[in-house]
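Breakdown of the fold
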Amino acid sequence: MNKTLNILAFSGSLRKGSYNKMLLRTAVDLAPEEATIEVFDLEEIPPFNQDFEQSPPGRVKDFKAKIKAADAILIVTPEYNYSVPGVLKNAIDWCSRPVGDNSWEGKPVAIMSASTGMLGGARAQYHLRQIFVTLDMRPINKPEVMVNFAARNSTKRVTLLMTRPRN
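The following paragraphs examine the structure supplied in this document.

Here we take up the pairing of strand 1 (residues 5-11). Of all seven residues that make up strand 1, five are buried, and the element is covered over most of its length. With six bridges joining them, strand 1 and strand 2 (residues 35-40) adopt parallel strand pairing. Residue pairing in the sheet places Ala9 in a bridge with Val39 of strand 2. Of the pairings in the sheet, the one linking strand 1 to strand 3 (residues 72-76) comprises five bridges and is parallel in character. Residue pairing across strands places Ala9 opposite Leu74, the latter belonging to strand 3.

Following this line, the structure appears as structure tokens:
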């Protein structure tokens, strides 16, 4: 019995020309036949307000439902100031609330990042892993995908990095 793996993916960047959105599109293009990747845009998620956690806005409800329905999560994120972008942390917070309704609980999650710097978003990935602990998320440890010097790297090189056989 072959089951399709349903992956929900999103980028921590809102920028139209984002290297991370390019990396996400490459992941979608390279997904194996037995997996589907649905991309969710965080752009319309409002700032988290605990006053509304019991009755979140519609876009947040949609996101939470998609997370719960997914078999796994793929987060593709830039690194801002040695950490995760505010838009990503905001979305994570919305979907972990209210207490007792944590959409992330038990979800396997993979992380990829692209950065114009040398470390390729490594510090943002590290911070995400710290956040995952309290949310009871299951990070995928390998392979680690960090595309450094993204402004110089072409889609062809990113594709090569993502399809290279593991040792």
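This part takes up the environment of Met137. Tracing the chain through its elements places Met137 in the loop between helix 4 (122-135) and strand 5 (138-139). Take Met137: its relative accessible area is 6%, and that puts it in the buried class. Taking the C-alpha atoms as reference, Met137 lies 18 Å from Ser83; in sequence the two are 54 residues apart. Other than its neighbours up to four places away in sequence, Met137 contacts Trp104, Lys107, Val109 and Phe132.

Right, let's talk about the packing of helix 3 (residues 86-95) against helix 4 for a bit. Closest axis-to-axis distance for the helix 3/helix 4 pair is 12 Å, and the angle between their directions is 10 degrees. In terms of their interaxial angle, helix 3 and helix 4 are classed as roughly parallel. Judged by residue contacts, Leu88, Lys89 and Ile92 of helix 3 engage Leu128, Ile131 and Leu135 from helix 4. Here the contact of helix 3 with helix 4 is composed, by residue class, of five nonpolar, no polar and one charged.

So, about the pattern of salt bridges. Throughout the structure, instances matching the rule amount to eight salt bridges. A salt bridge links Arg97 to Glu53; the nearest nitrogen and oxygen atoms lie 2.8 Å apart. Taken together, the positions of Arg97 in the loop between helix 3 and strand 4 (108-114) and Glu53 in the loop between strand 2 and helix 2 (58-69) put the pair 44 residues apart, joining distant regions of the chain. The exposure class assigned to Arg97 is partly exposed, which follows from its relative accessible area of 24%. Take Glu53: its relative accessible area is 10%, and that puts it in the buried class. A salt bridge links Lys68 to Asp101; its shortest N-O distance comes to 2.5 Å. With Lys68 in helix 2 and Asp101 in the loop between helix 3 and strand 4, this residue pair connects regions lying 33 residues apart in the sequence. Overall, Asp101 belongs to the partly exposed group, its relative accessible area being 26%.

Let us now look at helix 4. In this model, helix 4 (14 residues) spans 20 Å end to end at C-alpha, consistent with the 20 Å of a helix rising 1.5 Å per residue. Within the span of helix 4, buried status applies to Ala124, Gln125, Leu128, Arg129, Ile131, Phe132 and Leu135. Projected down its long axis, helix 4 shows its buried positions confined to an angular sector of 165 degrees, all on one face. Every exposed residue of helix 4 that faces more than 90 degrees away from the buried side is listed here: Tyr126, Val133 and Thr134.

Looking now at the packing of aromatic side chains. As enumerated under the stated definition, the model contains five aromatic pairs in all. With centroids separated by 6.1 Å and ring planes inclined at 50 degrees, the aromatic side chains of Phe10 and Trp104 adopt a geometry described as tilted. Of the two residues, Phe10 is situated in strand 1 and Trp104 in the loop between helix 3 and strand 4; the sequence distance between them amounts to 94 residues. Taking relative accessible area as the criterion, Phe10 reaches 0% and is therefore assigned buried. An aromatic cluster is present here, built from Phe10, Phe40, Phe63 and Trp104 joined pairwise through their rings.

About the thresholds
- Residues numbered from 1 in each chain as written.
- Predicted model: local features only at pLDDT ≥ 70, side-chain atom pairs only at ≥ 80, totals over all residues.
- Heavy atoms only, no water.
- Buried < 20%, exposed > 50% of the residue type's maximum accessible area, 1.4 Å probe, protein only.
- Helix = DSSP H or I, 4+ residues; strand = E, 2+ residues; numbered from the N terminus.
- Pairing = 2+ DSSP bridges.
- Contact = heavy atoms within 4.5 Å.
- Axes fitted to C-alpha atoms, helices over the stretch in contact; angles between N-to-C directions.
- Parallel < 35°, antiparallel > 145°, perpendicular 65-115°, else oblique.
- Nonpolar A, V, L, I, M, F, W, Y, C, P; charged D, E, K, R; others polar.
- Salt bridge = Lys/Arg side-chain N within 4 Å of Asp/Glu carboxyl O.
- Expected span 1.5 Å × (residues − 1).
- Arc of directions from axis to C-beta.
- Phe/Tyr/Trp six-rings, centres within 6.5 Å; stacked < 30°, edge-to-face > 60°.

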